[in-house]
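Reading the structure
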There are 2 protein chains.
Amino acid sequence: MSLAALVRPSSVAVVGASDNTDKIGGRPLYYMKALGYRGRILPINPARQTVQGIPAFASLEALPEAPDCVVVAVPGQAAIDAVEAAARIGAKAAIIIASGFGELGAAGKAEEARMRTLANAAGMRLVGPNSQGLANFGTGAIMSFSTMFIEEPPQDGPVAIVSQSGAMAAAPYGLLRQRGIGVRHVNATGNDCDVTASELATEIVQDEGVRLLLLYLEALDDPAMLARAAALGRERGVPIIAIKSGRSAQGARAAASHTGAIATPDRTVDAFFAKHGIWRADGMADLVRATEMYLQGWRPQGRNVAILSNSGASGVLCADAAERAGLPLATLAPETEATVAAALPTFASPKNPIDVTAALLSDPGLIGKVLPAAGADPDVHMFLLAVPISGRGYDFPGYARDAAAFTAATGKPVVLAAPQRQVRDAFAAVGVPAFQTEDEAIAALSQFARHNEMLARPVAAMVPPRPAAGPAATSSEAASLDLLARFGVPTVARRLCASADEAVRFLGQIGGRIVLKAASAAIPHKSEHGLVHVGLGDPAAVEAAFARIAATVEALGHPFEGALAAEMVRGERELAIGGVMDPVFGPVVMIGDGGIAVEAMPDNALLLPPFTAADVDDALARLRIAPLFQGVRGHPPLDRRAVAAAAQAVAALLMDAAAGVVSVDINPLMVTATGAVAVDGLVETAAGAPAGTGGTETRG
Amino acid sequence: MSLAALVRPSSVAVVGASDNTDKIGGRPLYYMKALGYRGRILPINPARQTVQGIPAFASLEALPEAPDCVVVAVPGQAAIDAVEAAARIGAKAAIIIASGFGELGAAGKAEEARMRTLANAAGMRLVGPNSQGLANFGTGAIMSFSTMFIEEPPQDGPVAIVSQSGAMAAAPYGLLRQRGIGVRHVNATGNDCDVTASELATEIVQDEGVRLLLLYLEALDDPAMLARAAALGRERGVPIIAIKSGRSAQGARAAASHTGAIATPDRTVDAFFAKHGIWRADGMADLVRATEMYLQGWRPQGRNVAILSNSGASGVLCADAAERAGLPLATLAPETEATVAAALPTFASPKNPIDVTAALLSDPGLIGKVLPAAGADPDVHMFLLAVPISGRGYDFPGYARDAAAFTAATGKPVVLAAPQRQVRDAFAAVGVPAFQTEDEAIAALSQFARHNEMLARPVAAMVPPRPAAGPAATSSEAASLDLLARFGVPTVARRLCASADEAVRFLGQIGGRIVLKAASAAIPHKSEHGLVHVGLGDPAAVEAAFARIAATVEALGHPFEGALAAEMVRGERELAIGGVMDPVFGPVVMIGDGGIAVEAMPDNALLLPPFTAADVDDALARLRIAPLFQGVRGHPPLDRRAVAAAAQAVAALLMDAAAGVVSVDINPLMVTATGAVAVDGLVETAAGAPAGTGGTETRG
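Computed from a prediction, not measured in an experiment: that's the story for all the values here.

Looking only at helices and strands, chain A features 24 helices and 30 strands. Taken along the three principal axes of its C-alpha coordinates, chain A extends 100 × 80 × 35 Å. Looking at chain A as a whole, 58% of its 700 residues are labelled buried. Considering only contacts within chain A whose residues lie at least 6 apart along the sequence, 71% involve residues at least 24 apart. For chain A, the exposed surface amounts to about 25,300 Å²; the carbon and sulfur share of it is 54%.

What follows is about the relation of the copies chain B and chain A. When chain B is fitted to chain A, the best match, at an RMSD of 0.1 Å, comes from turning it 180° and sliding it 0.0 Å along the axis. The transformation just described matches what one would write down for a two-fold rotation axis. Proximity to the rotation axis, assessed at the C-alpha, singles out B:R624 in chain B; its C-alpha lies 5.4 Å from the axis. Mapped onto chain A, 100% of the interface residues of chain B are again interface residues, and the two copies thus contact each other with one and the same surface.

Residue and element names in this part refer to chain B. In spatial order, the strands read 2-1-5-6-7; together these 5 strands make up an open sheet with parallel pairing. Pairing within the sheet leaves two strands with one partner each, and these edge strands are strand 2 (40–44) and strand 7 (125–127). With direction set aside, neighbouring strand axes in the sheet form an average angle of 20°. Sheet analysis places strand 6 (residues 93–96) next to strand 7, joined by 3 bridges and oriented parallel. Paired with A93 across the bridge in strand 7 is R125. Packed on one face of the sheet, helix 3 (residues 76–89) meets strand 1 (11–15), strand 5 (69–72), strand 6 and strand 7 and runs near 170° to strand 5.

Before going further, it helps to examine the interface of chain B and chain A. Taken together, the 67 residues of chain B in the interface contact 67 residues of chain A. Interface area, chain B with chain A, both sides summed: about 5,600 Å², of which 56% is carbon and sulfur. The largest per-residue losses of area from chain B upon contact with chain A belong to B:R392, B:M601 and B:R624, which jointly make up 14% of the total buried on that side. Where chain B touches chain A, the interface holds 6 salt bridges. The shortest N-O distance in the salt bridge between B:R392 and A:D22 comes to 3.0 Å. Going through the elements one at a time, helix 5 (148–151), helix 6 (166–178), helix 11 (284–289), helix 13 (312–325), helix 18 (421–429) and helix 19 (438–456) of chain B are the ones with two or more residues in the side of chain B that touches chain A. In terms of residues, the side of chain B that touches chain A owes the most to one element, helix 13 of chain B, which gives 8 residues. Partitioning the side of chain B that touches chain A into residue classes produces 27 nonpolar, 20 polar and 20 charged.

A few words now on the pattern of salt bridges. Overall, the coordinates contain 65 salt bridges over all chains when judged by the stated rule. Of the charged contacts in the structure, one is a salt bridge between A:E292 and A:R179, with a shortest N-O distance of 2.6 Å. Residue A:E292 is found in helix 12 (residues 291–295), and its partner A:R179 is found in the loop between helix 6 (166–178) and strand 11 (183–188); the two are separated by 113 residues along the sequence. For the salt bridge of B:E84 with B:R114, the shortest nitrogen-to-oxygen distance reads 2.9 Å. Taken together, the residues span a long stretch of sequence, with B:E84 in helix 3 and B:R114 in helix 4 (residues 106–121) at a distance of 30 residues. On the accessibility criterion, B:E84 (24% relative accessible area) is partly exposed. Taking relative accessible area as the criterion, B:R114 reaches 40% and is therefore assigned partly exposed. Overlapping salt bridges, with partners in common, bring together A:R247, A:D266, A:D270, A:R280, A:D282, B:R324 and B:D439 in one network.

A few words on the side chain of A:S663. Residues and elements named next belong to chain A. Locating S663 in the fold gives a position in strand 28 (residues 661–672). We classify S663 as buried; its relative accessible area is 3%. Among the polar contacts listed, one links the side chain of S663 to the side chain of E684, at a separation of 2.7 Å. Those residues within four positions of S663 in sequence are excluded, and the remaining contacts are S257, G579, V580, L682, V683 and E684.

Pairs of packed helices are described in terms of their axes, by the angle between the two and the distance that separates them. All names here are of chain B. Viewed as axis vectors pointing N to C, helix 3 and helix 4 meet at an angle of 15°, and their least axial separation amounts to 9 Å. By the angle class used here, helix 3 and helix 4 are roughly parallel. Of the two elements, helix 3 crosses helix 4, and the hand of that crossing is left-handed. Two secondary-structure elements touch here, helix 3 through I80, V83, E84 and A87 and helix 4 through E111, R114, M115, L118 and A119.

About the cut-offs
- In this convention, every chain numbers its residues from 1, walking through the sequence in written order.
- The order in which chains are written sets their letters, starting at A; the order in which ligands are written sets their numbers, starting at 1.
- Since the coordinates come from a predicted model, pLDDT governs what is reported: local features require at least 70, and pairs of side-chain atoms require 80 or more to be given and counted, while whole-chain, interface and lining totals use all residues.
- Where side-chain values are given, they derive from all heavy atoms of the structure, hydrogens and water being excluded.
- Strands are runs of DSSP state E lasting at least 2 residues, helices are runs of H or I lasting at least 4, and numbering of each runs from the N terminus.
- When a residue's accessible area, from a 1.4 Å probe over protein chains only, is under 20% of the maximum for its type it is buried; when over 50% it is exposed; and in between it is partly exposed.
- Any two residues whose heavy atoms approach within 4.5 Å at even a single point are treated as in contact.
- Surface exposure here means Shrake-Rupley accessible area, sampled with a 1.4 Å probe, where a residue is shielded only by the protein chains that are shown.
- In this comparison the copies share one frame, found by least squares on the C-alpha atoms of residues holding pLDDT of at least 70 in both.
- By definition, two strands form a pair when at least two bridges between them are found by DSSP.
- A fitted line through C-alpha atoms represents every axis, and for helices the fit uses only the stretch in contact; the resulting angles, taken between N-to-C directions, go from 0 to 180 degrees.
- Two parts placed together each lose some accessible area; with a 1.4 Å probe, that loss summed over both constitutes the buried area.
- Salt bridges are counted wherever a side-chain nitrogen of Lys or Arg sits within 4 Å of a carboxyl oxygen of Asp or Glu.
- Each residue gets one of three labels, nonpolar for Ala, Val, Leu, Ile, Met, Phe, Trp, Tyr, Cys and Pro, charged for Asp, Glu, Lys and Arg, and polar for the others, Gly among them.
- Here a polar contact means two N or O atoms within 3.5 Å. Within protein one must be a hydrogen donor candidate and the other an acceptor candidate, and residues neighboring in sequence count only if both atoms are side-chain atoms.
- Roughly parallel covers angles under 35 degrees, roughly antiparallel covers those over 145, roughly perpendicular covers 65 to 115, and oblique covers all other angles.
- Rotating anticlockwise by less than a right angle from the far helix to the near helix defines a left-handed crossing, while the corresponding clockwise rotation defines a right-handed one.

Following this line, the structure appears as C-alpha cells:
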C-alpha cells in the first residue's frame with residue numbers, strides 16, 4: 001500500500017467541511033482553493049449544497065467516486081464512523097484530525113488499534129488521530145489546519161518536514177519561511193496509529209523536489225522504517241536532520257546490568273542516528289540553522305576552515321569559535337601563502353585566519369582575489385567570510401558576487417558572518433548562506449561538515465531486536481567467561497576448582513600470584529562477604545583461602561560449588577565492554593573506561609552491531625581517555641586493535657540467536673600495550689540458552 | 001585625572017577636519033551636528049574658514065580655549081605633532097584614530113610610550129592609537145568614524161560598549177539596535193597606549209544612565225583596573241559581560257611546573273572573571289543574547305525554571321534544553337499544583353512543564369491565571385513561556401500583557417519562545433524578552449541566572465602579582481614538603497636519612513612499609529634511574545635499597561646527599577593541588593584529579609586567592625570527579641574539607657612574600673574519607689627565598 005494517496009492525492013474529501021475558514025473543517029478547503037489544488041475537492045456536509053463555494057455531498061457514501069484521501073475533521077464517535085465509512089467506500093487513506101484517542105490512555109489506544117485493523121483490512125491507510133494534517137505545497141493538497149500558513153505564506157521549495165507534533169511541524173516551517181526558504185511538505189502525523197512519521201518519511205524522501213528532510217519525533221518505535229528512510233535519502237542525496245525529543249524525560253532503564261543502565265534509550269537513539277547518517281538536532285535552532293548550506297548541495301572534502309575577514313578581531317573570534325566546535329583551521333601551504341600574500345596589501349598577513357584589513361575599502365576586488373588564491377589549497381575545505389565592517393562605502397554586493405562565483409567554480413562552501421542586515425541580505429540573495437555572528441556561522445559549518453562525514457561512511461543494515469525467549473538469568477562468572485571466550489573475547493587464565501589441591505596445581509601451572517573466589521552464582525557481592533582472595537602466591541595461602549571460602553559459603557547457607565582460581569593480571573588500564581539487547585533497536589555494544597566509576601563518572605560510547613574496527617577506533621577517539629591510546633607520560637599506547645576485537649566479539653555474541661544473550665558486562669577488560677583480557681565478566685541469557693559449561697581453562 | 005573629558009567632553013576639537021562626511025576627519029563632525037551635540041565643536045583645518053558649516057581654526061594653537069578632547073584624525077607624524085600640540089595647549093584628552101603604531105612592532109610601541117609620557121606630563125590622557133573613537137549618544141559627543149551609526153541609526157539607551165576593536169564595538173551596537181535596544185556609549189580604544197579599555201570601563205560604569213556594560217578585550221594587561229570597574233559596577237547594579245578573545249591562540253605557557261602548564265593564561269582569565277562577577281561570553285552571540293533580561297533589572301532567587309506552553313512538544317523541548325544547560329525544572333508543591341490545576345482544563349496536567357493545551361484558544365485568560373498560580377511557588381524562580389501555536393485567532397497581545405503584569409507584580413523573570421514574528425513583537429513591546437526558539441530562550445535564562453549567582457557571591461579584592469625576585473629554582477622534595485608543611489599542608493611522614501641505619505630506624509617508628517628515594521634535587525626522573533624503591537617492609541630491604549641508591553647516585557656522577565624515607569600512604573584517590581604566580585593575575589591555585597593524566601586528561605579548576613572553603617566546594621562540584629566527594633559504589637566520600645584546607649594552605653604560601661614561591665606542584669595529594677596528605681611535592685622559589693631546611697620529620 002503506497003502512501004501516494006496521502007502525499008499526492010488526486011482527490012480529497014473533507015468530513016465536517018465548514019464555511020468558516022478558521023474552523024478545522026474549513027481551513028483545508030480554504031487553503032486548497034487559495035493555492036490552486038488541481039485535484040478534486042469533495043466537501044462532506046449533510047446540511048449544505050456547497051461549502052466555500054464548492055459543491056458538497058451529504059456523506060462519504062454519497063460521493064460519485066472513492067476519494068484518494070479523506071480528511072476526518074469531526075470529533076469523537078463521528079470520527080470513528082467516518083473512518084469506517086471511508087474504508088467501506090474504498091478510500092485509499094484517511095487523516096484523523098480529532099484528538100482524544102491514544103494520548104488519553106488504554107481505551108483510546110484500543111480504539112486506534114480497532115480503526116487501524118478495519119482500515120487496513122479494506123486496503124486503507126490511516127494518519128493520526130490527533131494529527132494537524134498533511135500539506136503538500138507542490139500540488140496544493142493542503143489537508144492541514146495549521147494557522148502558520150496564514151502567518152507565514154507558503155512557497156513551494158526543496159525542504160520537507162515530517163513531525164509527530166503539529167506545533168513542531170509549523171515551527172520549522174515558520175522559521176524557514178521567515179528566511180525566504182521554500183518548503184514543500186509540512187506533515188504532522190499525531191498519534192501514528194497506522195502510518196508512522198518514519199514510514200511517511202520513506203515516501204517523502206523519494207519526492208523528486210525534496211532535497212532536505214527535517215523530522216521531529218517524540219517516540220521512535222519503528223527504527224527499521226526510519227533506517228529505510230535514511231537509506232532511501234542517501235541514495236537520492238537527501239540528508240535527514242531529526243529532533244528526537246524527551247532526552248530529559250529519560251529515567252534510568254530498569255536494568256540488572258551496568259551496561260543496561262549506561263545504554264539509556266536516549267543514548268541508543270544517538271548511536272542509531274549516527275549509524276544511519278541522521279543528524280540529531282538538539283532543538284529547533286539546530287534543526288534549521290544550516291538549511292541553506294544543505295540546499296547548496298555542497299560536498300566538502302573535510303572540515304578544515306579558512307577564515308577571511310576585514311577585521312583581525314573578527315578573525316580571532318572565528319578561530320575561537322572553530323576551536324570550540326572542533327573545526328580545525330586549514331594550514332595553508334607555503335605556495336598558497338605566497339599567492340595569497342601577492343593578492344594582499346604588503347602589511348597584511350596571508351596566514352589563516354586571513355586579515356584582508358581595511359584595504360578592502362579601497363580594493364573592493366580583494367575578496368575575489370584572495371578566495372581563489374586560498375581556495376586552491378587542498379587543505380582548505382570550507383570558507384568563513386567575516387565582514388563586520390561594511391555598509392556605506394563598501395561594495396558588499398560585489399563581495400557577495402565574488403563569493404558566489406568562487407563557490408560555483410570550486411564547489412567549496414562559503415558562508416558569511418556579518419552583523420549588518422543589508423550585507424547579509426546581499427550575500428543570501430546570491431546563494432551564500434549568511435549568519436549574524438561568527439558563532440552561528442561556525443555552528444552551521446560544524447554541523448554541515450560532520451553530517452557530511454557521517455553520510456560518507458558506509459552503513460550496515462540494522463540488526464533487528466530479538467524478542468526475549470523468557471525471563472533472563474545471570475550465568476556464573478565461570479560460565480560467563482567461558483561463553484565470552486567461545487565468541488573470541490580473550491579471557492583470563494582460570495580454573496574452576498572443586499578442591500584446594502586443584503587450586504594449588506593451578507598456581508603451579510600459572511606461576512606468579514592467583515585470585516580465588518567462591519564460584520556460587522547465587523551469592524552476589526562476593527568481596528563484601530570475604531569470598532574473594534587476591535594475591536595468593538604460595539600453596540599454603542591458596543589452601544587457607546580455599547578453606548575459608550568453603551566455610552563462608554556454607555555459613556551463608558549455600559551449597560559450596562567450588563572456587564574459581566584465576567591468574568592475577570596487570571595492565572595499563574581497566575576498560576569496560578558490555579552489551580544489551582534493546583527491545584526496539586536490537587543489539588547495542590558499549591565500550592569505555594572501566595573501574596568503579598563506570599556509572600558515576602561515565603566515559604564510554606555505544607555502537608550498534610555490526611561495526612568495523614574503524615568504527616571502534618572512531619568511538620575510542622571520542623572518549624575522554626582517548627590520549628591513553630596514544631601513550632601518556634612514558635606509558636605505552638593501549639592496544640586499540642585488541643579492544644576493537646573484543647568489542648566485535650561481544651557484538652557477535654549478542655547477534656547469535658542460539659546464545660540468547662540479553663546483556664554482557666565485562667569490567668575490567670584489562671588492557672596493555674599488546675592485548676586485552678576480560679578479567680571479570682557476567683552474561684545474562686534468556687531462558688533456554690545455556691551460557692556454557694564451567695570448568696574449562698582458557699586463555700584467549 | 002578623570003576620564004570625564006573623554007566620556008562627557010564640553011568641547012571637541014577635530015584635527016584633520018573634513019567636509020567629506022565619509023572621511024575619518026568628516027564623520028565625527030557630521031555625527032555631532034546631526035545628533036545635536038551641545039558642547040563646542042572645533043574643526044582644525046589650516047586651509048578652511050569653515051568645515052561642514054562650522055567655523056574652523058588653522059591649528060590647535062589658534063583655538064581661543066583649550067578643548068576638553070582632541071580627536072586626532074591625521075596620520076603618521078602629523079598625528080604625533082597634533083598630540084604634542086594638544087598637550088601644549090592644555091587639552092584634557094586626545095583620541096588618536098591613526099593606525100600604524102604599536103600594532104606594527106617595537107618602534108611603534110616606543111613612539112606610543114613617548115606620546116603617553118609627554119601627554120601625561122602635561123596632565124593629558126590618550127586613547128588609541130588605532131582607535132575607531134568614542135561615541136556618547138547621551139550627549140551627542142560622537143568622536144568616532146564608525147560606519148555602523150549610519151547603517152543602524154542610534155538611539156540613547158542603557159547599554160554601554162567598550163572594546164579594544166572598532167569592529168567589535170560596532171557589531172554589538174548593530175545587533176542591539178536591530179532589536180530596538182538603545183545604546184549610550186560605543187567606545188573603541190585601539191592600542192590602549194595610555195587609557196585602557198579597563199580604565200575607560202571604570203568611568204563608563206559610573207554613568208547614571210548605564211545599566212549594562214559589554215566589553216570586548218583582546219589583551220588584558222591591567223586586571224586590577226578591570227576588577228575596579230567590576231566593583232564599581234556591582235555597587236551600582238551594572239553587570240558586565242565580556243569577550244576576551246584569543247582562546248584558540250593560547251599556546252602552552254612555557255612552564256617548568258605542571259600547574260604552570262595547566263593554568264594557561266586563558267583559563268586564568270576565566271578564573272579572574274568568575275571571581276569578579278564578570279560573565280565571560282564566548283563570542284558575539286553570547287555577548288548580546290540576554291540583553292533584554294539584564295535591562296529588566298530582575299534579581300531571580302535561583303535558577304529553577306517553570307515552563308508553560310500550549311504545546312506539549314514545545315514543553316518537552318524546553319525541558320530538554322534546560323537539562324542540557326543545567327537549569328533545573330522547578331518542582332511544584334502539591335498546593336501549587338492544586339491551584340494550577342484549578343486554572344487549567346480538567347484534561348491538562350499541572351506538572352512542570354505545564355501544558356495549557358489548545359484550550360488557550362478558547363480561554364485567552366489562561367496564561368494570566370496559570371502564571372500567578374505557579375509563580376506563587378517559591379521553588380519557581382523564572383518562567384519560560386513557549387507559544388509555538390499562535391497567530392490568527394489567538395489573543396497573543398493579551399497573553400503578553402498578562403505576562404508583563406505578572407513579572408511587574410512579582411519580579412520573577414518571564415521570557416517567551418515563539419517562532420512567529422508577530423507574537424515575539426507583541427511580547428517585546430511590553431518588555432517580555434522574546435526568542436525564536438526554546439534553545440535560545442534557555443541559553444539566555446541560563447546565562448542570566450548564573451551571572452546573577454556570580455554577582456550575589458561576596459568578592460575578595462585582587463591579590464596583585466609579585467614581581468619575580470630573580471631566576472626560579474626548584475627545591476628538593478624534602479625541602480619542598482617542609483615548606484608546604486610549614487604553611488599547613490598535611491604532608492607524608494618522612495625523614496631525610498644520611499645513613500641506612502637512620503632509614504631502618506624510621507621504618508621501625510612508622511611500621512608498615514616505606515618508600516626510599518634519592519634526595520638529590522639535581523637528578524630529575526628519579527624512578528627512571530632506579531632511584532625510587534617502594535614497598536620496603538623489613539630492615540634488610542631498606543638497607544639494600546639505601547646501598548643501591550647511594551651507588552647509583554655516585555655512578556651518575558652526583559654527590560650522594562642521602563635518601564628521603566617516607567611512609568607508604570594509601571588513599572581513596574590521588575588528587576593534585578598546585579599553584580603559580582601569574583605575572584599579570586597574581587597567585588593562581590589549581591585543584592583537581594591527580595595521577596599520570598593530570599595534563600593529558602585534565603580535570604581541574606583554578607581559583608584566585610584569597611578564597612573560602614565554600615569557593616573550593618564550588619570548584620570541586622564542577623569537576624568530573626565530583627561524585628567521589630559524595631561516595632561512589634560503596635567507597636566513602638572523599639574529605640572535601642581536607643582538600644579545601646590544603647588548597648587554602650597553598651594559597652597562603654603563594655601569597656607570602658617572604659617565601660618567594662613562584663610555583664607549587666603537589667601530585668599526588670592522597671585523599672581519604674578523613675584527610676588528605678601531600679605525598680609528592682615540588683616548590684619553585686625565586687632567588688633569595690630559601691624554601692626551607694630539609695631533614696625535619698613532620699606529619700601535618
